[in-house]
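A look at the structure
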Amino acid sequence: MKEQFNRFFGLQEKTTNEEVKMIPVESIVPSPYQPRSVFDDERIEELCQTIRTHGVIQPIVVRVRDGRHELIAGERRWRAVRKLEWDTIPAIVREFNDSQAASISLIENLQREGLTSIEEAIAYQKLIEIHQLTQESLAQRLGKSQSTIANKIRLLHLSEPVKQALLERQITERHARAMLALPTEELQLKVLEDIVTKELNVKQTETRIQFILESIRQSVEKKPKRISFSKDVRLAVNTIRQSVDMVMGTGMNIVKDEQDYEDRYEIIIKIPKR
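Residues numbered from 1 in each chain as written. Predicted model: local features only at pLDDT ≥ 70, side-chain atom pairs only at ≥ 80, totals over all residues. Heavy atoms only, no water.

**Things to note about the overall build of the protein chain**
This is how it is decided: Only DSSP runs of H or I with at least four residues qualify as helices, and only runs of E with at least two residues qualify as strands; both kinds are numbered from the N terminus onward. Exposure categories follow from relative accessible area, calculated using a 1.4 Å probe and restricted to protein chains: below 20% of the type maximum is buried, above 50% is exposed, and the middle band is partly exposed. Any pair of residues with heavy atoms lying within 4.5 Å of one another is described as a contacting pair. Residue burial considers only the protein chains on display, and all accessible areas are found by Shrake-Rupley using a 1.4 Å probe.
Counting its secondary structure elements, the protein chain contains twelve helices and seven strands. Burial status across the protein chain gives 38% buried among its 274 residues. The contacts in the protein chain between residues at least 6 apart in sequence include a share of 67% that link residues at least 24 apart. When the accessible surface of the protein chain is totalled, it reaches about 17,700 Å², and 49% of it is carbon and sulfur.

Encoded structure:
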């Protein structure tokens, strides 16, 4: 399956005679294209135990970048070896441009379990940008439905605190997708707090959001409608006001009362006879 993905994204295939080198662990830097931002400490510890017993069975893949070795694939193995405080790690050094390096790093992680939905969304979006794809064409290359890709990418429109909660697995993807209906970050934060503090399930969250949206709708409907005046009406009203002000400037005690009705604008002017 990995070879299929490589072919779909125009990446070169591995050759069977690639040399495995032992390179210094401290010379390696993480990939800037790594979609995974949270690494499970327990999983890393389990990998440490395996590597301590059997060694690193599958070499990591790196490229030379600015005098350092930049990771392309195998960050969990590299982290485990660092935790074991080993000096070197087996690696295959390959030549990749930025587009190839990004694609391989993203695809490798998408094929593994454990990515959060927001990390998946970031990976999909980056692949679309790198290869100038549509959501539909990306879905075809990855063997997924277009709706799956679209629903994941929509999560990127959520506010940062909600995306962080997804990343930390405080809420589920279904919680987050329901919150997309909320029009402001303030409302999203309010619902997020309710989910976390009250441990709302998805159904309860959806009900809460529907209540908020209905309240907003009713509030909008209750607001008085502003009646717009034509240019001629505004001109007439302003002319009357200026005329009254001019007469009042002579010292005459004029009483003026203005009323704005739905179908008319009413001005009552009282001029004393004495």
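**A look at the sheet that holds strand β3 (residues 60–65)**
Worth spelling out the cut-off: In this analysis, strands are considered paired if DSSP registers two or more bridges between them.
On the basis of which strands lie adjacent, the open sheet formed by five strands has the order β1-β5-β3-β4-β2 and mixed pairing. Two strands in the sheet have a free side with no partner beyond their single neighbour: β1 (20–24) and β2 (28–29).

**Observations concerning the pattern of salt bridges**
Selection rule: Here a salt bridge means any side-chain nitrogen of Lys or Arg lying within 4 Å of a carboxyl oxygen belonging to Asp or Glu.
Tallying each qualifying case throughout the model produces 13 salt bridges. One salt bridge in this structure joins R63 and D98, with 2.9 Å as the shortest N-O distance. Of this pair, R63 sits in strand β3 while D98 sits in helix α4 (residues 98–110); the two residues are 35 residues apart in sequence, bridging distant segments of the chain. On the accessibility criterion, R63 (2% relative accessible area) is buried. For D98, a relative accessible area of 32% corresponds to the partly exposed category. Linking D194 and K198 is a salt bridge whose minimum nitrogen-to-oxygen distance equals 3.8 Å. Linking D194 with K198, this pair stays in helix α10 (residues 185–198), spanning four residues, or about one helical turn. Residue classification places D194 among the buried residues on the basis of a relative accessible area of 9%. Salt bridges sharing common partners tie together R63, R65, E70 and D98.

**Here's the deal with the pairing of strand β7 (residues 265–270)**
Relative to β7, strand β6 (residues 255–260) is paired through six bridges, and the arrangement is antiparallel. Bridged to K256 within β7 is I269. Hairpin connection from β6 to β7: four residues lie between these consecutive antiparallel strands.

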